[in-house]
Amino acid sequence: MLASLLALVRRVLKWLGVIALVLFVGFLGSRVWFANSGAPLEPWHTFVPQEMSVAELDKADWAAYLAREDKLFADVTREVVQKLPEHDRVPSNRYFTGSVVYPPHLTHDWNRSYELAPAGDPVGVVVLLHGLTDSPYSLRHVAQRYLANGFLVVAPRLPGHGTVPAGLTDVEWEDWLAATRLAVREAGARAPGKPLEIVGFSNGGALALKYALDALTDAALARPSRLVLISPMVGITRFARFAGLAALPAWLPAFDKAAWLGIVPEFNPFKYNSFPVNGAVQSHRLTRALQASITAQARADRLKDLAPVLTFQSVMDFTVSTRAIVDALYRQLPANGSELVLFDINRNTKLGPLLRATSYSALLRLLPPLPRDFRTVIITNEDAHSDQVVERSIPAGGMEETVRPLGLSYPLDVYSLSHVALPFPPEDALYGSHPDPDENFGLQLGAMAVRGERGALIVSLDALVRMSSNPFFSYMNDRIKPAPAAPAP
């Protein structure tokens, strides 16, 4: 009996191995097919600017970082912009000097690191960390909020960003974290003894949290007094775990395109459209390291010393895992004044019949039972038949819900926010639904009413119809408002 059972197990394992091998070969075959089809690699996919190493970043100051950044942009101008083939000299190419989206010719080039200083002595300092494939542009409106409240703003361009997409093919997440440490050092030097806050968007949210956790056991790192996380990348899809396999064919020069998950025209002046495999790999490694740090600090009972965390997150998020934010982070936090703000779907949208049933129940599946150690806020419709939005809040340790009208409304043609929408107000000149006419960023991506036949555009419709601004940004901005407090330890 035992022998026959073992024989059955061996046969099952054999067939499982065969199936796995067939799937793996098929996967590699699809990557080889991708490498031999579609658009070819362009200069911005092949030229890799030389960023500072981790060792250099840990020794450098802000001035040295800006000097290297100047060199990076000069190198891109020399090796990409000035050597652009004739077929790439089109109005939609951000690397063509005659393009409407050529960054140096716009109102301001937000691809670069920057500082904003108040008129008098700063009452505090904030470090702003942008997301993956992004640039310092994404948090510029939040920067103005802090500046108006007397804070000095330090916003670094993280390594591999702002220049060319190929910059992300040769970067590691430790480089981003080293740049974070450099920016915090600059912040501390510019406003010694003042409150320090860190704001992180998406991948920058993971970096902000990882830095704060590292500071709990490293006396050389200044501890922030508050963390503000916007769509933080605490966890991402399972595909990223195996994304590195997609680049295996790229070891052979004939299949170098396999090192990319997507090759798209670069029409956005402040964000890459093309995405290398290494970007997914490094973001996954960062989230794994982050979750390991959270677990280790929780077991050592050090999370009680972590600064309060204020997080803004859309219930529907295709890029990061909303559940990971709740399970891997907020369930682990002690009662330290932290808060989670969730933007619900629009339950009054005219697209309601087209929504998946799971979209309506997503919110119920996310939150742990009451009472919770953190304040919970839901931004949602007043009821299923109203476009008016209310704040439904439950305090930490509480059981009773408080409802507060916000005087805001959900647009009827919008069924949810998105990962990329949260940090941009409707007036944002590039991504806003009602763009500010006083700024020129070449395109108004958030205000385009896309209608027509498929196949006519240089990009997929998905890239243009995704929600790109936040109709509740004013609420979020009010909640972010910093309050000067006692100096951080």
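These figures come from a predicted structure and were not determined experimentally.

1. Brief notes about the overall build of the protein
So, step 1. The secondary structure content of the protein amounts to 12 helices and 12 strands.
So, step 2. Looking at the protein as a whole, 53% of its 489 residues are labelled buried.
So, step 3. Contacts spanning at least 24 positions in sequence make up 74% of the contacts within the protein whose residues lie at least 6 apart.
So, step 4. Working note: accessible area of the protein is about 22100 Å², and carbon and sulfur atoms make up 59% of it.

2. Side note on the confidence of the model for the protein
So, step 1. On average, residues of the protein score 87 in pLDDT, and 82% of them are at 70 or above.
So, step 2. This model gives residues 31-35 a pLDDT under 50, and the stretch forms 17 contacts once residues within four places in sequence are excluded.
So, step 3. Considering only residues more than four positions removed or in separate chains, one finds that residues 485-489, a stretch of pLDDT under 50, has 7 contacts.

3. Overview of the pairing of strand 11 (residues 388-394)
So, step 1. Burial runs high along strand 11: 5 of the 7 residues are buried.
So, step 2. One ladder, built from 6 bridges, connects strand 10 (residues 375-381) with strand 11; its direction is antiparallel. In the sheet register, Asn381 faces strand 11, and the bridge partner there is Val389.
So, step 3. Linking strand 10 to strand 11, which pair antiparallel, is a turn of 6 residues.
So, step 4. Judged from the 6 bridges that link them, strand 11 and strand 12 (residues 402-409) form a sheet pairing that is antiparallel.

4. What about the pattern of salt bridges?
So, step 1. The tally for this structure, following the rule as stated, stands at 24 salt bridges.
So, step 2. A salt bridge links Arg78 to Glu79, with the nearest nitrogen and oxygen atoms 3.0 Å apart.
So, step 3. Residue class for Glu79 comes out partly exposed when judged on its relative accessible area of 25%.
So, step 4. A salt bridge links Asp301 to Lys304, with the nearest nitrogen and oxygen atoms 3.6 Å apart.
So, step 5. Several salt bridges converge on common partners, so that one network encompasses Lys71, Asp75, Arg78, Glu79 and Lys83.

5. Quick word on the side chain of Asn111
So, step 1. Examined against the element boundaries, Asn111 turns out to sit in the loop between helix 4 (62-81) and strand 1 (114-116).
So, step 2. Separated by 3.0 Å, the side chains of Asn111 and Asp109 make a polar contact.
So, step 3. Within the local environment of Asn111, its side chain forms a polar contact with the backbone oxygen of Pro269, the two atoms lying 3.0 Å apart.
So, step 4. Asn111 has contacts with Phe73, Arg94, Pro103, Ser135, Pro136, Arg157, Gly162, Pro269 and Phe270, leaving out every residue within four places of it along the chain.

6. So, the packing of helix 6 (residues 173-190) against helix 7 (residues 203-215)
Helix-helix packing: each pair is described by the crossing angle between the helix axes and the interaxial distance.
So, step 1. One can describe the packing of helix 6 onto helix 7 by two numbers: an axis separation of 10 Å at closest approach and a directional angle of 65°. Considered as vectors, helix 6 and helix 7 are oriented roughly perpendicular to each other. Between helix 6 and helix 7 lies a crossing whose hand is right-handed. Every residue of helix 7 that contacts helix 6 at Trp173, Trp176, Leu177, Thr180, Arg181 and Val184 is listed here: Asn203, Leu207, Lys210, Tyr211 and Asp214.
So, step 2. When its residues are assigned to classes, the contact of helix 6 with helix 7 shows 6 nonpolar, 2 polar and 3 charged.

7. Some words on the sheet that holds strand 11
So, step 1. Ordered in space as 1-3-2-4-5-8-9-10-11-12, the 10 strands form an open sheet in which the pairing is mixed. In this open sheet, the two strands that pair with only one neighbour each are strand 1 and strand 12. The mean inter-strand angle of the sheet, taken between neighbouring strand axes irrespective of direction, is 15°.
So, step 2. The strands touched by helix 9 (residues 322-330) are strand 5 (226-230), strand 8 (309-314) and strand 9 (339-343); relative to strand 8, the strand with the most contacts, the crossing angle is about 160°.

Rules behind the numbers
- Residues numbered from 1 in each chain as written.
- Predicted model: local features only at pLDDT ≥ 70, side-chain atom pairs only at ≥ 80, totals over all residues.
- Heavy atoms only, no water.
- Helix = DSSP H or I, 4+ residues; strand = E, 2+ residues; numbered from the N terminus.
- Buried < 20%, exposed > 50% of the residue type's maximum accessible area, 1.4 Å probe, protein only.
- Contact = heavy atoms within 4.5 Å.
- Areas by Shrake-Rupley, 256 points an atom, 1.4 Å probe, with all protein chains shown as cover.
- pLDDT = per-residue confidence, 0-100.
- Pairing = 2+ DSSP bridges.
- Salt bridge = Lys/Arg side-chain N within 4 Å of Asp/Glu carboxyl O.
- Polar contact = N/O pair within 3.5 Å; in protein donor to acceptor, adjacent residues only side chain to side chain.
- Axes fitted to C-alpha atoms, helices over the stretch in contact; angles between N-to-C directions.
- Parallel < 35°, antiparallel > 145°, perpendicular 65-115°, else oblique.
- Left-handed = near helix turned anticlockwise from the far one by under 90°.
- Nonpolar A, V, L, I, M, F, W, Y, C, P; charged D, E, K, R; others polar.

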